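Inside the fold
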Amino acid sequence: MIGKSVQRNRDTYQNDNRFYFEITQKIPGKLGRAGIIHTPHGDIQTPAFMSVGTKGEVRFLSMEELKSVGAQAMLSNGYHLRNRSVEIAKQGGLAKWSAWDGPTLTDSGGFQVMSLGSGLGKVVSMEREKEVVNTDPKDRLTTVSEDGVQFVDPFTNQLDFIGPEESMQIQCRIGADIHMAYDELTSLADSYEYNVEALARTERWAVRSLNEHEKHCDDLGYHQALYGVIQGGRWEDLRRSTAKKFAKMNFDGYGLGGAFLKENLGDILRWCNEELPEQKPRHLLGLSRPDDILIGTEMGADTFDCVAPTREARHGRIYTKYGNINIKKFADSDELLDEHCDCPTCKAGYTRSQLRALLKSENPEERSLYFKLASMHNLRFIIRLTEEAREAIIQGSFAEYKERFLRDYYGHR
């Protein structure tokens, strides 16, 4: 046992302390659906966007402000919280420790296998794959072996070995409602041959993840679910074969992972989701562009996450119904960020020029205020998109909604 089990009455948690998924409505002729993910810390109405709180908080936002934009769940990073996992466990798990007190998800550290290794990050917008080149092996901060991954922390030079067992132990101490099995995320520059090797390793790690997770998934007093992560790059044979194998394993749901060209997204999701069991939820890892979310929803993804909405907000990139704007260009504008928006920032009446002034201010408090206001706006934009997509599915008008939204958003550039 990771630590002394926290004994609580089942009534302390929702849904009889269980994790399960129900489908509310399907998109005719497509793989997409609206549903509800039931967790011990509450329900997630899907499709849904999970706000990214890497270290247990969304930068510049309080938990009350996060709830004010309609957030249903928060995703945190198991790798970045690894050194605080014991402390988090002692305080009752991520939901309580963070004061979010709602559904949570952690990733396994699989993304860091690539970002600290090949150095490419998650890229879906490359037009030509020849433009991407992996980091030279001698300069990488990760070393992958059959046992797991040796990490060098880029900020502290701390050495950490994390394999499937260590990742499950870390995540079970952190205690999110949903965990991700340990996987190796390959890059766009990796060959088919390397993807075959890495995928076989990820499949072996999935078995080890399940076995270790089963030992600790109830240690904090509530049941923690585990998703298997589907990899396979841009190749249909790899995607379908691994999805078939994972479908036979005892996962509670699935993470749809990978770095791939944007144009391949719909096909890759279709290949995976045609093979995965319909009655289990699927999370598309690390994407939040409106077209990605709508294509993902249509092709059977239920939840999404990405750091882009808040990160781009901090750099002045603001989302609107008719496309993105650069707030730095609006020194004399009395317009709202988006007259169609129901976020707290727009409802409070902040103008584009006021927000630009806050961003340009030499006063740290004023810049922090801008970061908060802009982050709330962008998060609300993406969350509202998933809310509207859900309602369109239920009303039987998803195709029309998708066409109209994308025409407005991308057609006015």
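Preceding this paragraph is the structure being described.
A brief look at the structure comes next. (Residues numbered from 1 in each chain as written. Predicted model: local features only at pLDDT ≥ 70, side-chain atom pairs only at ≥ 80, totals over all residues. Heavy atoms only, no water.)

1. Some details on helix α13 (residues 364-395)
In this model α13 runs 46 Å from its N-terminal to its C-terminal C-alpha over 32 residues, within 8% of the 46 Å that 1.5 Å per residue would give. Where α13 terminates, the next one or two residues include G396, which has phi positive at roughly 75 degrees. (Helix = DSSP H or I, 4+ residues; strand = E, 2+ residues; numbered from the N terminus. Expected span 1.5 Å × (residues − 1).)

2. Regarding the pattern of salt bridges
Opposite charge on two side chains makes pairing possible when the charged atoms of those side chains draw close. Scanning all chains against the criterion turns up 25 salt bridges. When the shortest N-O distance is used, the salt bridge between R33 and D302 registers 2.8 Å. In this pair, R33 sits in strand β2 (residues 33-39) while D302 sits in the loop between α9 (290-298) and β14 (303-305), placing the two residues 269 residues apart along the sequence. Residue classification places D302 among the buried positions, given a relative accessible area of 0%. Between D160 and R82 there is a salt bridge; the shortest N-O distance is 2.8 Å. With D160 in strand β9 (residues 159-162) and R82 in the loop between β5 (74-77) and α2 (85-90), the pair connects residues that are 78 residues apart, well separated along the chain. (Salt bridge = Lys/Arg side-chain N within 4 Å of Asp/Glu carboxyl O. Buried < 20%, exposed > 50% of the residue type's maximum accessible area, 1.4 Å probe, protein only.)

3. Things to note about the packing of aromatic side chains
Evaluation of the coordinates by the stated rule reveals 15 aromatic pairs. With a centroid separation of 5.8 Å and an interplanar angle of 40 degrees, the aromatic rings of F381 and Y409 are classed as tilted. Of this pair, F381 sits in helix α13 while Y409 is found in helix α14 (residues 398-410), placing the two residues 28 residues apart along the sequence. Residue Y409 is classed as buried on the basis of its relative accessible area of 2%. (Phe/Tyr/Trp six-rings, centres within 6.5 Å; stacked < 30°, edge-to-face > 60°.)

4. Here's the deal with the pairing of β9
By the alternation rule, side chains of β9 split into D160 and I162, which are all buried, and L159 and F161, of which none is buried. Two elements, strand β8 (residues 149-152) and β9, share four bridges in a ladder whose sense is antiparallel. Bridge pairing in β9 places V149 opposite I162. The loop that links β8 with its antiparallel partner β9 comprises six residues; one of these, N157, has a positive phi angle of about 65 degrees. (Pairing = 2+ DSSP bridges.)

5. With respect to the packing of helix α6 (residues 192-216) against helix α7 (residues 236-247)
Running from N to C, α6 and α7 cross one another at 10 degrees; their axes reach a closest spacing of 11 Å. One way to sum up the angle between α6 and α7 is to call them roughly parallel. Contacts between α6 and α7 involve Y192, N195, V196, L199, T202, E203 and A206 on the former and, on the latter, D237, L238, T242, K245 and F246. (Axes fitted to C-alpha atoms, helices over the stretch in contact; angles between N-to-C directions. Parallel < 35°, antiparallel > 145°, perpendicular 65-115°, else oblique. Contact = heavy atoms within 4.5 Å.)

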